[in-house]
Structures are given as structure tokens and as C-alpha cells.
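In case you want the letters, here they are:
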Amino acid sequence: MARKKLIRRLLDHFDASMASLAVWFMDSWSLVERGYRRPLTKIALRLKFAFYPLLAVAALGWLGWDYSHGGSLSTAEDSVFDTIIRWRPAEPRPSGKTVVVEIDDCSLQWTRAQGVGGWPWPRSVHADLLDALDRAGVKAVGYDVQFIDRNPNDPDGDGMLDTLAAGGQGRFLFASARQDESYDAASPLHAARIPGAFPLGPEAESPGPRVAVLLPYGDAMARNSALTNVSRGEDGILRDVPLRADIGDWGLPTLPLRIASTLQNRAPATYPPAVRVNWREHSRMPYVSAADLLSGERVCGKKDAAPPDLRGAVALVGYTASGISDSKPTPLNSAMPGVEVWAEVTDALLHNGAIWMPPVAFKYLLAALLVALTAYAFWRGEPHEDMDAIFVAVNLVILLIAFIGLTYFGIFLDIFVTIGFVSMCFGLCRTYAGLQRGRAIGNNDFREEYNPHANPWMTMARLRFVADPGLDAFAAVRGRREYRRLLRRQLYAGSEAVMIEGIVERKSWLHEILDDLMVLVWTGADHADVMAKTKGELDLLYRHLNEGELRLENYGRVLVCVSVAEIDDNDDSTSRGERLRLRELLGMDLNNNDESPLAASNDFIIATAHTLDFDQEPPSDKEDP
């Protein structure tokens, strides 16, 4: 029992300490908030609603600059793509008609065992491998091994390989390499003379600019060659694989493009400049070891595993052996063999497996449109706070669509960073509107607290919108919403009035009863001062509500009831009298049924304002005995 009391006492002390700490923190934090909110409010009073078009101009200017200077939106989008492609619940399966023939460690060991030696292989071994693929019935072969120079010690092997290339009649393609641009000026080759080169437009002039390209040594091999250079993203990750290198008005095809163009009998200029591969981690391309083809039997890997069917397939030959592997980082594999990259691209082109993405300009145009609409919406008046939830919901829906599209349809909507950018602009607009709203509702973080000694007189104006009974339901709701928007806009622009909201545009069980009530409060040094402020701003409010095409008087009337009182007459020794007087003034204004329509000149409303006299004794409800 004593133990429970001790635990209870400790919990009570802890609870009291936390309560005290919370009060101290909130008081301290209020000082911090006032330190930056009040200066910002002064800026807002100068800018007023010009902030929103200025923000739109700045955001649109940045989007235009970013689009023409590298595109950081696209760069940020890449990390989103990597995350989604790793998290997606299912992967697309390859067609099975594109096969990787790997020169792996097992193949090198097998050739050593045959007395041929390790890497590099004699050209005769490559010729035997190409012949084995041809006899297996492959449709085409892309050989991702460079044969730049002749081998003086093996002229027969050189001749055999080039003879096979000639006999393939364009079905066998070999690797060439684009050198650094600094070598172009000294190169004897011109773009139009490179095998497979194609004009990018009707205005292309031959022979085109000089270009440094390393071609295979044999004539037939050179005629049937394509680039195997790969440029990566800025972060070093290979996502979009180029299909050509643009040299002036000429395009030099890569290995997959030339294979696809040959097999599909399609002009290479009709293909896109690059494709985004639907990268896979678990469902890999079919692999076969080069040693298995050279020996005619299963010598590498599992002996009982069925080899891939090569008849009618496209084979990509390349090395994967340790020490000579040409690996490249992809979103799912930090060291994917280069030959598998080319196989993925070839399979995507031949079997429509590439990821479809909207043009890069689409995300910028969408961002520009949404930023402009956001700024315009806030410029008209602060949107309802439900818009925040709508923003979150839209982002979640887009994320879900991206998962489904990328997983099952090969479609990636790369607009996530665009939505994030727009959300940032929306947040800035909401923050600025919060500054305006904080001052309008009298939040003491944004404006000085009411001092009844300096401004003892106060007026309260109860405003109520009454729709024209002849309007249909839609027009009545539209008029009510426009009234609230225009009223808030007037108050946010720097009005002297303080807004005491009822239940306005809030989903409450009292919504239908109190949604039309709004109380505006003015203070002044004397009766004449406070009444002049009230009249001036009510006149201004009428003009604001009825200017432009959407005149509020076409939808209904705004009824006003004004009450005035002296809150502080310097007779009270405590603040209790001021509190009670303010409550009585508010109660009188809310309970009074004498309403007058808001007009261009509100002298009548001011003249008939109800004055609360605190010196008069309230009537007694008790009867004399």
C-alpha cells in the first residue's frame, strides 16, 4: 500500500512539473512568436494582397530559369523514381526473347583448360562463339566487346571474325566507342560517314562535323557497328539510357537502337533520344555462359538447369568476369554488367517494355499552372482551410497512381517534386494569409493587446448576410461564399476592425444557425472618434462588396446592427468592470433585432447605433413585497 502511495506521489509531482514546464514554455514561446510575427505583420500591411502576384512571378521565374539551366526538378524526381521502383510490390517479367551471353569467370577457366588461354581471347574464339549463336537460330547478335586493332599474331582469327560479320548481313553488330570531344578536331571521320549515322532533320548537311569514334578493325565489322558509350545521370546512376549521340544534325546510334531499327525495319530517327528502362531486381534477363555455347554442353552453372531458348531470340554478348566486367550502377543494382544494361534496353525497344514518362516540359508547365492558380486563389481571398486536407489527399492519390502505374502499366508520372514545389508555394501563401488573419482577428501575437485606458470607447457591428429569396439554391450559396470571401479580404487588407467570428464555414452542428454571424469591433479615444472609424469602414466595405462584375447586391443584402459603449470610464479599481462591460456590449449587439441594410453611406446606421449606458441601473426582476 505504501508503495502505491509513493508511486502515486511521484506521478503527481511529475505531472505538476510537466504542467509548470508547459506554462513556462508557452509563455516563453509566445514572446518568440511576437518577436517575428509583429514585424512580419507590418510588412504584410504594406504589401497587402500584392504578395501573392509577387510570389507567383518569383516562382514562375525560378521555374523558367530551372528549366533552361539543368532542371533540378528532374534531378529531384530521380530519387522519387528510385524509391518507388524499389518499393513496388511486383516487377514486370522480361520477354525471354532477349538473352545475355556472358563471358564469365567459368568461361575463362574453360578456355584455359582447353589450352586457349585466358582473357583476351583470340579472335577465333569470338568467331566460334558467334558461329554457335548463328547455328542456334538467333535473330540478331549485339557484341559488346571492342575489337579496335588487328592482332598481328592471329591474322586468321581476325579474318574469320570479319568474314562472319559480312555473312551476317547486318544481323551481327559490333561495338564502337565515342571518344572525348577534345579529339574531334583531329579526327578524319565526319558524322555522316560513321556507320549507322542518320540525319536528325531535313536540314542536316553532309558530311557533318568531325567526330572521334573508335571503329572495329574489320571492314564488315565497322559497317555493322554501333556505339556502346553510356552517359549517366548527374548522381552517377543510370536511369535513362541514351539511344543515340547527337553530333550536330546527325545521330550516331547505340547498339540497342541499331538492333531494334534493323529488326523492326524502322527509321532510327523515329525512336526517342533515350529510354527509361523498367529496371528489375528479381526477375532478371535469361543468361547463358559463353562456355556452354562453345562446348555445346552445360559446363557452367547448374548441370540440370535448362538453357534459355535461343531460336528467334536476340543475343547480347559481353563480359561479366571479375576484373574485366563493365559494370554500371542502376536504381536497383549498384554494379549491373554493361551487357545486361544493353540487353534491358534492347528488350524494352523490341517488346515495348520501356517506362512511359511525360515530356520534361510537362512538369514545369503543370507547376506553373498550379502556382498561378494558387496565387490567384489567395489573392481573391484566403481559401478555406479544408484545402490543406485536399492537398494532402491529392498527393496520396498521385503516389498511389504512380505505384500502380509503374508496377502494372510501365507508366511513371514524374510530377512528385512539382507537387512538392507547388505545396511549398501554397504553404507560403497560407503562412502569409495567417499573418493577415492573425491581425484581423486580434491575435496578440500579431497586434498590440487592447488597452481600454488609451481607447475607452468601442463599437460592435453585427453583420448578417441575407440571400435574395428569388435566387436558386446554387446562386444563394455562391453569394454567401462570395460575401465571406470579400469580407475577409477587406479585413485582411489592413482594416482597423477586429473580426470576432461566429461559426463560419466550419463543419459544426450549429453551422446552420450561426454561420451567418460576424461581429466587427472598433476602438477609439472618444465617441466621435470610434463612430467615425466605424462609418468609414462600413462605407468602404459596401464599395468593396459591390465592385466588379460579381456585385453582392445582386445576391442579397448585408444587415448591420451597431452598438457602442464606453468600456473604461476610469472609475473601476480593477479590470473586472471592464470585462463585464465588454461582455454586456457583445451580448446587446448579438441580441438586438434592430438591423439596417449596409449602404454606400451608413449615416443612418451610425445615427441609430445603440449606446449601452453603464451608469443606468439594470431593471430588477423582483417584485416589491
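Residues numbered from 1 in each chain as written. Predicted model: local features only at pLDDT ≥ 70, side-chain atom pairs only at ≥ 80, totals over all residues. Heavy atoms only, no water.

If you check helix 6 (residues 155-167), its first and last C-alpha atoms are 18 Å apart, about what 13 residues at 1.5 Å a residue would give, namely 18 Å. Buried within helix 6 are the following residues: Gly157, Asp158, Leu161, Asp162 and Ala165. The buried residues of helix 6 occupy an angular sector of 130° when projected down its axis, which confines them to one face. Residues Pro155, Asp156, Thr163 and Gly167 are exposed on helix 6 and point more than 90 degrees away from its buried face. Looking at the packing, one finds that the buried side of helix 6 touches helix 5 (123-135), strand 3 (172-178) and helix 7 (219-223). The first or second residue beyond helix 6 is Gln169, which carries a positive phi of 50°. (Helix = DSSP H or I, 4+ residues; strand = E, 2+ residues; numbered from the N terminus. Expected span 1.5 Å × (residues − 1). Buried < 20%, exposed > 50% of the residue type's maximum accessible area, 1.4 Å probe, protein only. Arc of directions from axis to C-beta. Contact = heavy atoms within 4.5 Å.)

Its place among the elements puts Ala226 in strand 6 (residues 225-227). Given the relative accessible area of 1%, Ala226 is considered buried. Along the chain, Ala226 and Thr254 lie 28 residues apart, while their C-alpha atoms are 5.0 Å from each other. When neighbours within four sequence positions are excluded, Ala226 is seen to be in contact with Phe174, Ala175, Ser176, Pro253, Thr254, Leu255 and Arg258.

The biggest cluster of nonpolar side chains holds 57 residues, and the ones touching the most others in it are Tyr52, Leu463, Tyr483, Leu520, Val558 and Val560. If you tally residues by element for this core, the top one is helix 13 (residues 416-440), at 10 residues. Counting 42 residues, the second-largest nonpolar core is a separate cluster that includes Ile84, Phe198, Leu243 and Phe416. (Core = buried A, V, L, I, M, F, W, Y, C linked by side-chain atoms within 4.5 Å.)

Before going further, it helps to spend a moment on a nonpolar patch on the surface. A grouping of Phe14, Met18, Leu21, Trp24, Phe25, Met26, Trp29, Val32, Tyr36, Leu40 and Ile43 is seen on the molecular surface, where their side chains present a nonpolar patch of about 1,100 Å² in accessible area. Along the chain, Phe14 turns up in helix 1 (residues 2-47). (Patch = residues over 30% accessible without salt bridge, like charges linked within 9 Å, V, L, I, M, F, W, Y side chains within 5 Å. Areas by Shrake-Rupley, 256 points an atom, 1.4 Å probe, with all protein chains shown as cover. Salt bridge = Lys/Arg side-chain N within 4 Å of Asp/Glu carboxyl O.)

Right, let's talk about the environment of Asp246 for a bit. Along the chain, the position of Asp246 falls in strand 8 (residues 244-247). Sequence separation of Asp246 and Gly167 is 79 residues, and the distance between their C-alpha atoms is 30 Å. In this structure, Asp246 is in contact with Leu200 and Gly251, ignoring residues within four places of it in sequence. Of note is the side chain of Asp246, whose polar atom sits 2.7 Å from the side chain of Arg244. (Polar contact = N/O pair within 3.5 Å; in protein donor to acceptor, adjacent residues only side chain to side chain.)

Tallying each qualifying case throughout the model produces 27 salt bridges. Between Glu382 and Arg430 there is a salt bridge; the shortest N-O distance is 3.2 Å. Here Arg430 lies in helix 13 and Glu382 lies in the loop between helix 11 (360-380) and helix 12 (386-409), a separation of 48 residues in the sequence. The burial state of Glu382 is the same as that of Arg430; both residues are buried. Counted as one network, the salt bridges with shared partners bring together Asp78, Asp82, Arg239, Asp240 and Arg276.

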